[in-house]
Amino acid sequence: MEQTLILVKPDGVQRGLIGAIIGRFEQRGLKLVAMKFIQMSRTLAETHYAVHKERPFYNSLVEYITSGPVVAMVWAGKDAVAAARATIGATNPVAAAPGSIRGDFAMEIGRNLVHGSDSPENAVNEVNLFFTPEERVTWNRLTDSWIQE
Ligand SMILES: Nc1ncnc2c1ncn2[C@@H]1O[C@H](COP(=O)(O)OP(=O)(O)OP(=O)(O)O)[C@@H](O)[C@H]1O
Ligand SMILES: [Mg+2]
């Protein structure tokens, strides 16, 4: 089953939106595989956002993601990456559809609450960057057959 890395960014934690954000993924039918509450180190942040290294917003992005604790999670499901991205909404919250997390709770690109892996390949790398295999739980959810046929 495909897995994706989700982060509740520091603004989501500070604004008391952890529960609301996790609820969106739970309600959608994605299945929780791993979760931890951490302060990201600068090294972890720079590795995670290495693709943006040449972008003008890179430094502020690293500052933002390390400015306070985050909730890191792995969620699984068929097409989990695309499903989670749709639930999160467009990168710029002003353009994010109402009903998406960013469309309902955020106002600015630099405070957009959530990270979600953007491709299955990147998801594998990001999941491995944040979690060891032992930290990822394989479990049987009784509702699985009511969510995916
Ligand atoms: N033009 C910008 N100005 C400021 N911050 C930006 C800009 N573009 C992107 N960012 C920040 O960098 C993050 C990573 O950008 P990316 O293009 O990967 O968007 P995303 O995939 O929607 O977001 P994320 O990777 O956090 O899930 C964005 O979530 C946002 O916080
Ligand atoms: Mg991205």
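Above this text you will find the structure in question.
What you see is a predicted model, and the numbers here were worked out from it, not measured in a lab.

With antiparallel pairing, the four strands of this open sheet are ordered in space as S2-S3-S1-S4. The open sheet is flanked by strand S2 (31-38) and strand S4 (114-116), the only strands paired with a single partner. Averaged over neighbouring strand pairs, the angle between their axes works out to 15 degrees when direction is ignored. On top of the sheet, helix H7 (residues 120-130) reaches strand S1 (3-8), S2, strand S3 (70-76) and S4; it is set at about 55 degrees to S1, its chief contact.

This next bit is on the packing of aromatic side chains. Tallied over the full model, the rule gives one aromatic pair. Over the aromatic face of tryptophan 139 sits the side chain of lysine 31, whose NZ or CZ is 5.4 Å from the ring centroid. Here the basic side chain of lysine 36 rests over the ring of phenylalanine 131, its NZ or CZ set 4.6 Å away from the ring centre.

This brings us to the side chain of aspartate 11. Looking at where aspartate 11 falls in the secondary structure, it is placed in helix H1 (residues 10-14). Although buried, aspartate 11 forms no salt bridge, and the nearest oppositely charged side chain, arginine 15, lies 5.4 Å from it. Excluding residues that lie within four positions of it along the chain, aspartate 11 makes contacts with Tyr64, Arg111, Asn112 and Leu113.

What counts and what doesn't
Residues numbered from 1 in each chain as written. Chains lettered and ligands numbered in written order. Predicted model: local features only at pLDDT ≥ 70, side-chain atom pairs only at ≥ 80, totals over all residues. Heavy atoms only, no water. Pairing = 2+ DSSP bridges. Helix = DSSP H or I, 4+ residues; strand = E, 2+ residues; numbered from the N terminus. Axes fitted to C-alpha atoms, helices over the stretch in contact; angles between N-to-C directions. Contact = heavy atoms within 4.5 Å. Phe/Tyr/Trp six-rings, centres within 6.5 Å; stacked < 30°, edge-to-face > 60°. Lys NZ or Arg CZ within 6 Å of the ring centre and 35° of its normal. Buried < 20%, exposed > 50% of the residue type's maximum accessible area, 1.4 Å probe, protein only. Lys, Arg positive; Asp, Glu negative; His and termini not counted. Salt bridge = Lys/Arg side-chain N within 4 Å of Asp/Glu carboxyl O.

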